[in-house]
Amino acid sequence: MELKLNSTGKIKTIEIAGKFDIESTEEFESIFAKIIEPNPSIVSIDMGRLDYIDSSGIGSLIKSLNSLKNKKGKLILVGMKPMIMNVFKLAKLDMFFEIMSELDFRTKYVSDDDTDSEIDDLLKRN
């Protein structure tokens, strides 16, 4: 599994690529705990490059959802491949998680002002 952290405005994003299984849950949970320490209101999990998830990976996501809810935050799963989405639907997890396509997520939560605003500000000054 490969994890990548991003931040867009007030939204923290963890991108997961490859396999999310028992061998990678500890690393994921450690990173997740660190990024929710400062109480972010929204955390998104970009699952567009996730190829496989097992029950321990799903368990980690459920644990993460509960910890963020306890801090009054919101967890959004973004860009699931159809195969992964089927697993969530079969287990009825789509009723507990907010699941969005990449386009819907960007439209609803990411404004043009959030991206590269620091770079734009520096360019305007020069």
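Looking at an unreviewed UniProt entry, one finds the chain named Anti-sigma factor antagonist, with Leptospira montravelensis as its source organism. According to the UniProt record, the Sequence similarities (unreviewed entry) comment for the chain reads "Belongs to the anti-sigma-factor antagonist family."

Asker: What should I look at first to understand the packing of helix 1 (residues 25-36) against helix 2 (residues 55-70) in this one?
Answerer: In a packed pair of helices, the relevant descriptors are the angle between the two axes and the axis-to-axis distance. As a packed pair, helix 1 and helix 2 sit with axes 10 Å apart at the nearest point and diverge in direction by 15°. By the criterion of interaxial angle, the relationship of helix 1 to helix 2 is roughly parallel. Where helix 1 crosses over helix 2, the two elements pack in a sense that is right-handed. Taken together, the residues of helix 2 that come into contact with helix 1 (itself represented by Thr25, Phe28, Glu29, Phe32 and Ile36) are Ser56, Gly57, Ser60, Leu61, Lys63, Ser64, Ser67 and Leu68.

Here is what the cut-offs are and how they apply
- Residues numbered from 1 in each chain as written.
- Predicted model: local features only at pLDDT ≥ 70, side-chain atom pairs only at ≥ 80, totals over all residues.
- Heavy atoms only, no water.
- UniProt positions renumbered as here; feature names shortened; annotations may be inferred.
- Axes fitted to C-alpha atoms, helices over the stretch in contact; angles between N-to-C directions.
- Helix = DSSP H or I, 4+ residues; strand = E, 2+ residues; numbered from the N terminus.
- Parallel < 35°, antiparallel > 145°, perpendicular 65-115°, else oblique.
- Left-handed = near helix turned anticlockwise from the far one by under 90°.
- Contact = heavy atoms within 4.5 Å.

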